[in-house]
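Here's the letter readout for the chains.
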Amino acid sequence: MPNIEIATTTGRMLVLNAKAIEQFHTGLRGGHLLRGDGGYDAARKIYNAMIDHQPAIIARCAGATDVISAINLARNNGLLVSVRGGGHNVSGNAVCDGGLMIDLSPMKSVRVDPQGKTVRAEAGVTWGEFDRETQAFGLATTGGLVSTTGIAGLTLGGGLGWLMGKYGLACDNLISVDVLTADGRLLTASKSRNEDLFWGLRGGGGNFGIATSFEFQLHPVGPMLGGILIHRLDKAAEIIRFYDDFTRTSPDELGTFVAFVTSPEGERVVAIFVCYNGAVEEGQRILKPLREFGPPLADMIGPMPYVQVQRMMDDGFPAGRQNYWKSNFLKGLDSEAIEVIVDHVAQVPSPYSAVAIEQFSGAVNRVRMDATAFNHRNARYNLLIVGIWLDPAAKAENVKWVRDLWCAMEPFSSGGVYVNYLGQEADEGADRIKSAYGPEKYARLVALKEKYDPANLFRLNQNIRPRAG
Ligand SMILES: Cc1cc2nc3c(=O)[nH]c(=O)nc-3n(C[C@H](O)[C@H](O)[C@H](O)COP(=O)(O)OP(=O)(O)OC[C@H]3O[C@@H](n4cnc5c(N)ncnc54)[C@H](O)[C@@H]3O)c2cc1C
């Protein structure tokens, strides 16, 4: 095994000699990968094909002990570290360039307790895998809308999903989290143990340590009504005005969002995605006015298992495409804002791009604002502009389209942003990170960072900087 050069947090390169690498390798149950090894390229690839980073070492962790070895190697040598869960974060922070990538994706255990209605899942599990195991017992908890997204990154940032109106965010359903801190200690965080850490993990992202497993509360879920209503783009203003009124009084069981998309036939349309998490007959009754209004060009709503609802957007988000996203919470949904979106959607350069308006309601808003690090509980709508295209050479026009629309929507923005939708800090700016955590919570998060990661070992994330660091 040759010596290798590896990046440190100071930007300088360090030479790790063959003996140190060999020792690290033999100490890992899951093994490690270096440039040129079979499997190296597959392991460094993530959802967003725009990210082409090359870690010097990829630690393929099979369990908590492997993660401890990787943390110790990084801390003792001041290495640049990234942490990969499901690899879906568009910022690409999961993969470092030249440093040590701690890859949790081999950690796939899911243990359901059907009587207690709880589950413990490891950090490499995706929502598709999670739902498969819990739905075998008719159970589920709030999770991401695309089945290939990781449970880890999504939950640590908050976690929006179809069930949030009734059960809150993914992080609101956490019972406990096993976390390895920068000094290599394994801590359990819950309402009664390391409560400060538990508060920070529910919205503060990967700043405080590496979560190896998550224990969630489950709920009886499905079968249910789910599907899509399609409307013409030129009807967007009246459709969305009706939608806004309709969802103001809809029950917690109903989850919805609006998306401006291009149909397979190439037509720009407005889609309303729905999921009614309750009895199918009741869902039919509740959804009747929304389904009749317009009327829609197409109504694809029907009874289906929850796992099917959880996959209804998968085809629109395959891994391996170029992605550039920007988002903001909205003050409201007035017709001027809709006009701006419609004008831009009419000019969208890629048929794979979309603009989503995600509805927050019910249990998310009812959790006390100071109960978790997740901010923005008072929000009603989140705007997400998703730039997706195939040809890397088309970057400039696609990024410009996303940025132009985002700027045009600034007057309608509340100023807040969902941490899990943020891009690279260099592109977004440090102020946006503060907007994600919120000014009131930021100081508390900095104090927590200083307690659990004073040297900022975990810095490749939406970073909360310790004052000394
Ligand atoms: C197609 C798509 C659909 C999405 N849908 C939703 C949705 O429905 N709801 C929603 O809320 N969000 C959604 N998101 C955003 C998503 O929440 C974030 O991208 C999230 O970071 C993904 O988690 P991951 O584990 O897959 O990501 P990764 O890229 O692996 O991780 C992201 C970051 O999280 C941290 N991290 C990951 N695992 C750990 C760990 N075990 N311990 C400590 N830190 C860790 C690291 O800082 C890492 O850089 C979606 C994203 C995409 C691309």
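Residues numbered from 1 in each chain as written. Predicted model: local features only at pLDDT ≥ 70, side-chain atom pairs only at ≥ 80, totals over all residues. Heavy atoms only, no water.

Enquirer: Can you help me understand the overall build of the protein chain in this one?
Expert: On a plain count of helices and strands, the protein chain comes out with 16 helices and 21 strands. Counting only C-alpha atoms and orienting by the principal axes, one finds that the protein chain spans roughly 70 × 55 × 45 Å. By the burial criterion, 59% of the 469 residues in the protein chain qualify as buried. Expressed as a percentage of contacts within the protein chain between residues at least 6 apart in sequence, the contacts between residues at least 24 apart total 71%. In the protein chain, 47 positive and 50 negative side-chain charges are present, and the distance between their average locations comes to 5 Å. (Helix = DSSP H or I, 4+ residues; strand = E, 2+ residues; numbered from the N terminus. Buried < 20%, exposed > 50% of the residue type's maximum accessible area, 1.4 Å probe, protein only. Contact = heavy atoms within 4.5 Å. Lys, Arg positive; Asp, Glu negative; His and termini not counted. Charge placed at Lys NZ, Arg CZ, Asp CG, Glu CD.)

Enquirer: Sorry, what's going on with helix H15 (residues 430-437) here?
Expert: Two residues of an α-helix separated by three or four positions point the same way, owing to the 3.6 residues in each turn. Here H15 has its buried residues at Arg-432, Ile-433, Ala-436 and Tyr-437. Looking straight down H15, one finds that the buried residues subtend no more than 135° of arc, so they occupy a single side. Residues of H15 that are buried make contact with strand E19 (322-330), helix H13 (395-408), helix H14 (425-428) and helix H16 (439-452). Where H15 terminates, the next one or two residues include Gly-438, which has phi positive at roughly 85°. (Arc of directions from axis to C-beta.)

Enquirer: Can you help me understand the sheet that holds strand E11 (residues 186-190) in this one?
Expert: Within a sheet, adjacent strands bond to each other through the backbone by hydrogen bonds, running parallel or antiparallel. Taken in spatial order, the 5 strands line up as E7-E8-E12-E10-E11 in an open sheet, and their pairing is antiparallel. Each edge of the open sheet is held by one strand with a lone partner, namely strand E7 (110-113) and E11. Across the sheet, the axes of successive neighbouring strands diverge by a mean angle of 15°, strand direction being ignored. Where strand E10 (residues 174-180) meets E11, 5 bridges bridge the pair, whose relative direction is antiparallel. Bridge pairing in E11 places Asp-178 opposite Thr-188. (Pairing = 2+ DSSP bridges. Axes fitted to C-alpha atoms, helices over the stretch in contact; angles between N-to-C directions.)

Enquirer: Looking at this structure, how should I read the packing of aromatic side chains?
Expert: When we look at a pair of aromatic rings, we describe it by the centre distance and by the angle of the planes. Enumeration over the complete set of coordinates arrives at 15 aromatic pairs. Between Trp-127 and Phe-130, the ring centres sit 4.9 Å apart and the planes meet at 65°, which makes this aromatic pair edge-to-face. On the criterion of helical spacing, the pair formed by Trp-127 and Phe-130 is a turn pair, its members being 3 residues apart in helix H4 (residues 127-135). For the pair Trp-127 and Phe-130, one class covers both residues: buried. When the ring of Phe-374 is compared with that of Tyr-418, the centres are 6.1 Å apart and the planes differ by 70°; the resulting orientation is edge-to-face. Here the residue Phe-374 occupies a position in the loop between helix H12 (363-366) and strand E21 (381-389), and Tyr-418 occupies one in the loop between H13 and H14, the gap between them amounting to 44 residues. Across the pair, exposure class does not vary: Phe-374 and Tyr-418 are buried alike. (Phe/Tyr/Trp six-rings, centres within 6.5 Å; stacked < 30°, edge-to-face > 60°.)

Enquirer: Teacher, can you tell me more about the site of the ligand here?
Expert: Around the ligand sit 34 residues in total, of which Gly-85, Gly-87, Leu-145, Leu-160 and Tyr-418 are the nearest. Separating an oxygen atom of the ligand from a backbone N or O atom of Gly-87 is a distance of 2.7 Å. Protein contacts shield 96% of the accessible area of the ligand, which totals 950 Å² for the unbound molecule. Residue assignment for the shell around the ligand shows that the elements contributing at least two residues are strand E5 (81-84), helix H5 (151-157) and strand E12 (210-217). (Near = heavy atom within 4 Å. Polar contact = N/O pair within 3.5 Å; in protein donor to acceptor, adjacent residues only side chain to side chain. Areas by Shrake-Rupley, 256 points an atom, 1.4 Å probe, with all protein chains shown as cover.)

Enquirer: What is the right way to look at the environment of Pro-439 in this model?
Expert: As for its placement among the helices and strands, Pro-439 is situated in helix H16. Under the relative-accessibility criterion, Pro-439 is labelled exposed at 65%.

Enquirer: Mind showing me how you'd approach the state of the cysteines here?
Expert: What is meant by a disulfide is a covalent connection between two cysteines, made through their sulfur atoms. Following the criterion strictly, the structure yields 0 disulfides and no others. Its sulfur unpaired, Cys-275 is 19 Å from the next cysteine sulfur, which belongs to Cys-171. On the basis of relative accessibility, which here comes to 0%, the residue Cys-275 falls in the buried class. (Disulfide = S-S within 2.5 Å.)

Enquirer: Is there a simple way to explain the environment of Gly-63 in this structure?
Expert: Position of Gly-63 relative to the elements: it lies in the loop between strand E4 (57-60) and helix H3 (64-77). Taking the C-alpha atoms as reference points, Gly-63 and Pro-392, 329 residues apart in sequence, are found 36 Å from one another. Filtering out sequence-adjacent residues up to four positions away, Gly-63 remains in contact with Arg-29 and Met-107.

Enquirer: Would you take a moment to explain a negative patch on the surface for this structure?
Expert: Judged by side-chain charge, Asp-334, Glu-336, Glu-339 and Asp-343 come together as a negatively charged surface patch. Within the secondary structure layout, Glu-336 lies in helix H11 (residues 335-345). Take Glu-336: its relative accessible area is 56%, and that puts it in the exposed class. (Patch = residues over 30% accessible without salt bridge, like charges linked within 9 Å, V, L, I, M, F, W, Y side chains within 5 Å. Salt bridge = Lys/Arg side-chain N within 4 Å of Asp/Glu carboxyl O.)

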